[in-house]
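# Overview (structure and organization)
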Number of protein chains: 2
Amino acid sequence: MYGMIVMSSTKSYLEMTNAERRAELKVQQRLYEAQKAEGNNLDMCRGKPDATQLNLSMDMLQQNPYDLIYTRKGTDVRNYGELAGADEAKELFADLLGLKMENIIMGGQSSLALMYDMVIKACVLGVYGGSKPWLQQGTIHFLCPVPGYDRHFRITEEFGIDMINVPMSPTGPDMEMVRQYVENDPSVKGIWCVPKYSNPQGYTYSPETVEAFAALKPAADDFRIFWDNAYYVHGFRETDDYLLNIFDACKKYGSEDMVYEFMSTSKVTFAGAGVAVFAASPHNIQFLTQQLSVQTLGYDKINQMRHVKYFKNVEGLRKHMRKQANYLRPKFDCLLAGLQSGLGTAKIGSWTNPNGGYFVSYDGLPGTARRCVQLCADAGVKMTSPGSCFPYGIDPEDKNIRLAPSYPSTAELYKSMNIFSTCQKIAALEMLLGQDKAES
Amino acid sequence: MYGMIVMSSTKSYLEMTNAERRAELKVQQRLYEAQKAEGNNLDMCRGKPDATQLNLSMDMLQQNPYDLIYTRKGTDVRNYGELAGADEAKELFADLLGLKMENIIMGGQSSLALMYDMVIKACVLGVYGGSKPWLQQGTIHFLCPVPGYDRHFRITEEFGIDMINVPMSPTGPDMEMVRQYVENDPSVKGIWCVPKYSNPQGYTYSPETVEAFAALKPAADDFRIFWDNAYYVHGFRETDDYLLNIFDACKKYGSEDMVYEFMSTSKVTFAGAGVAVFAASPHNIQFLTQQLSVQTLGYDKINQMRHVKYFKNVEGLRKHMRKQANYLRPKFDCLLAGLQSGLGTAKIGSWTNPNGGYFVSYDGLPGTARRCVQLCADAGVKMTSPGSCFPYGIDPEDKNIRLAPSYPSTAELYKSMNIFSTCQKIAALEMLLGQDKAES
């Protein structure tokens, strides 16, 4: 495509006549064929760090191991014991989340595995204060703010828990709808939330939204908010979004037992070898520690100590995250520039511009996402599977595409966004022309 | 007690007259009071390595981290991916167990957590080839060779799975009883096995026993043998017991799908930070990898690479285990010498003399274990809770006590065995005198 002059329109596709659209489609198709001929092999769907970003944490692995093996109270972390984790690890993450050590259980390296564990145990063993295990209650439901995180939805799908879509806005889920379901239907047992820099939009729940969660009076005695705070320290701009501490909000309502909070260092240190954190009320922690004592003799405490000794404290962790922010920000800026330059005038889609997190959410015209992703794939650009941000993989409007800029290089990102723009345009023009044909 | 002359009998207590027993009881009681007055604080119940033993693996943590991050096929183990583990880790443990890479899923650091996971998933999601999840089949059963590992039994108890005791012998469980249950009762879904250096006896299943397992034709379509090979490389004498590879035995019968094998490096490297291994037939691996893909993006692969690069190969791992053997053997010898010197003549109990593993199993006279453990506790020696090696914590004969020599020093071990011997003698004499009184 380089060196080729493409006379693309500078007019919104929605305002075009069909004749103009047909002409523009031809232009875009020529461009697409040229882009396809380049034989690209690009991948825009992996929400994971690249090697350079991972290198930012290698000093953590360079520590003298003898400095890691004893906790401040003298426990040898190489051995069994300290089921809920090393005290200093619990303290570090409690400090970070605005909680107390007593609110924390340190997990393995995967917060997703902790969530799976909490769901399957609730199914079989029940939750604190619940009268029966979830599985003994017939059909049960989870609320799913959409678009959301595919892996959340796969967990509830695995256990036959019916999922109900709840629309997201820049301030969080539609809380009136959440309240109606949670307060009137005892079969609603949970809701999946990514409250800060949400996956995929990068939205942060407003204080009013968090407060509305805290104020819920569930019809079920075993309802839980799955508060996946995966991107809590993942702001990459000067302005970091503010997230109200849900446990603080809950205090007013005595509703702390309703919240399971999760986080991990998968995108702080190593995606495959970080530490995961579970936070909850003392009632829940006590109940779940009892269950945990049957399951294991404890998670990897050496790795907990590696993290603690490397970060030292919350300020150390935040300082580390600024290195990551400085590395990630240009990737987001490049992606956003590519979108603006490619799609700014056609006005066939909108996208988020987050202050943090790992994704940009793109909404095209309804009915175009699958076609666009297919066109991208044929031109050597792998996009996140359309519908994957929705329960059962079904985007009811077929318009949402998740963009993940962390893994590709900026050169790959810019090229991917060029090709993506062409594919969006073709899909939109085909749809608009087809629609008008059907109408006429 | 030191410097005090104790004129204890050299005659079997069973052959004594009651007058002799009363005299001997007075001698032992005097000794006991003296031992109690020492104010000991000893612990014989922790089946875990001590700090010196853990130090034997510290070189593993001293490796240059940049040597650990790429697998031979170029995967960056710091990142997501390779759900079933790094190839070289799967290969190392496959080689060790006489299997293929395709038989292996690498777990986190706890094989117990893997077992728990397999049981809870079988309960909710079912197993490969099974028509229904276990929980949808009413009352189900597990066979439990006894005495056995308390934490196995706690898992099945947690899920309301009824447990049936099966007697152990030096060649393994009573296989005729196992066969009768497994082949005639479809509610029997599993059996807990520690086939080599069993917990607590240190017995190793004979080739005939392993063959009899392989030949089982379960009445249930979802029966699984939980083959916890926790001590497979844990021989500490010149003679290492031979364990037939159960998967080899199964080939003849086409019964490979019946076996879930587990092991870990908890007692190879670090009890709290090793790696766990799951081995099974390709059918099971495929089925379970699918389930695992919902649960997590993978376990800690850096730690897998730490282990692989440190051991290099099976011979390297076995060489490492010889260091552990040389460290553990004197502890067992000291414990056994203490038992022989303390209890050799009274003939009120028997104990195992294993070639490997972590425990010695002691059987006293029926009806004496609880009393003995209480006497020990009052004299400052903490013993494994009596009954803990049996389902529901109930030793039907109240005679078994598990001895764990790995954690205390040899000085502590010898002193503990002195006190234990006194307590055994008092409990036996009280019982014999009480029994005769009741009879007369």
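Our structure's up above, just so we're on the same page.
A short tour of the structure in this document, coming up. (Residues numbered from 1 in each chain as written. Chains lettered and ligands numbered in written order. Predicted model: local features only at pLDDT ≥ 70, side-chain atom pairs only at ≥ 80, totals over all residues. Heavy atoms only, no water.)

### Considerations on the pattern of salt bridges
All names here are of chain A. Rules: Within this document, salt bridges are pairs made up of a side-chain nitrogen of Lys or Arg and a carboxyl oxygen of Asp or Glu, the two lying within 4 Å of each other. Only protein chains enter the accessibility calculation, which uses a 1.4 Å probe. A residue is then buried if its area is under 20% of the maximum for its type, exposed if over 50%, and partly exposed in between.
Tallied over the full model, the rule gives 42 salt bridges over all chains. Across the salt bridge formed by Lys-11 and Glu-20, the nearest N and O atoms sit 3.0 Å from each other. Judged by its relative accessible area of 30%, Glu-20 falls in the partly exposed class. Notably, a salt bridge pairs Asp-76 with Arg-78, separated by 2.8 Å at the nearest N-O pair. Grouping residues by exposure puts Asp-76 and Arg-78 together as buried. A cluster of three or more residues bridged by salt bridges with shared partners is formed by Lys-73, Glu-82, Asp-87 and Lys-90.

### Overview of the relation of the copies chain A and chain B
Under the convention used in this document: The superposition of copies rests on a least-squares fit of C-alpha positions from residues with pLDDT of 70 or more in both. Contacts between residues were defined by any pair of non-hydrogen atoms, one from each residue, lying within 4.5 Å.
Screw-axis analysis of chain A against chain B gives a translation of 0.0 Å along the axis, an RMSD of 0.0 Å, and a rotation angle of 180 degrees. Taken together, these values place the two copies in the relation of a two-fold axis. In this assembly the copies share their binding face: 100% of the residues contributing to the interface of chain A also contribute to that of chain B.

### With respect to the sheet that holds strand 13 (residues 400-403) of chain B
Residue and element names in this part refer to chain B. Our working rule: Following DSSP output, two strands are said to pair if at least two bridges run between them. Note on conventions: DSSP H or I runs of at least 4 residues are helices, E runs of at least 2 residues are strands, and numbering of each starts at the N terminus.
Within the open sheet, the three strands sit side by side as 10-11-13. Their pairing is antiparallel. One side of each edge strand has no neighbouring strand; the edge strands of this open sheet are strand 10 (350-351) and strand 13. Here two bridges tie strand 10 to strand 11 (residues 360-363), and the two strands are oriented antiparallel to one another. The residue of strand 11 that forms the bridge with Ser-350 is Asp-363.

### Section: the packing of aromatic side chains
All names here are of chain B. Formally: Pairing of aromatic rings covers Phe, Tyr and the six-membered ring of Trp, with a centre-to-centre limit of 6.5 Å; geometry is then stacked below 30 degrees between planes, edge-to-face above 60, and tilted otherwise.
Within this structure, the stated rule accounts for 36 aromatic pairs over all chains. Look at Phe-226 and Phe-262: their rings are 5.8 Å apart centre to centre, the planes differ by 15 degrees, and that puts the pair in the stacked class. Note that Phe-226 is positioned in strand 7 (residues 224-228) and Phe-262 in strand 8 (residues 259-264), a separation of 36 residues in sequence. By relative accessible area, which is 1% here, Phe-226 ends up buried. According to the relative accessible area criterion, Phe-262 is buried, its value standing at 0%. On the basis of an interplanar angle of 85 degrees and a centroid distance of 5.0 Å, the ring pair of Tyr-362 and Phe-420 is categorised as edge-to-face. In this pair, Tyr-362 is assigned in strand 11 and Phe-420 in helix 14 (residues 410-439), connecting sequence segments 58 residues apart. The residues Tyr-362 and Phe-420 share a single accessibility class, namely buried.

### Some details on the interface of chain A and chain B
Heads up, the condition is: Here's the idea: put two parts together, see how much 1.4 Å probe accessible area each one loses, and the total over both is what we call buried area. Distance and chemistry together define a polar contact, namely a pair of N or O atoms within 3.5 Å, with one atom able to donate a hydrogen and the other to accept it when in protein, and with adjacent residues in sequence counting only for side-chain atoms on both sides. In this classification, Asp, Glu, Lys and Arg are treated as charged, Ala, Val, Leu, Ile, Met, Phe, Trp, Tyr, Cys and Pro as nonpolar, and every other residue, Gly included, as polar.
In this complex, chain A contributes 54 residues to the contact, which on the side of chain B involves 54 residues. In total, about 4800 Å² of surface goes out of reach between chain A and chain B, with carbon and sulfur atoms giving 58% of it. If you sort the residues of chain A by the area they bury against chain B, Arg78(A), Tyr80(A) and Val294(A) come out on top, with a joint share of 16%. Applying the counting rule to chain A against chain B returns zero salt bridges. Between the two partners, chain A and chain B, sit 20 residue pairs in polar contact (both at pLDDT 80 or more). At the level of elements, helix 2 (51-55), helix 3 (58-61), helix 5 (111-124), helix 6 (150-158), helix 10 (282-295) and helix 11 (301-311) of chain A are the ones that each hand at least two residues to the side of chain A that touches chain B. With six residues, helix 5 of chain A is the single largest residue contributor to the side of chain A that touches chain B. In terms of residue class, the side of chain A that touches chain B is built from 29 nonpolar, 14 polar and 11 charged.

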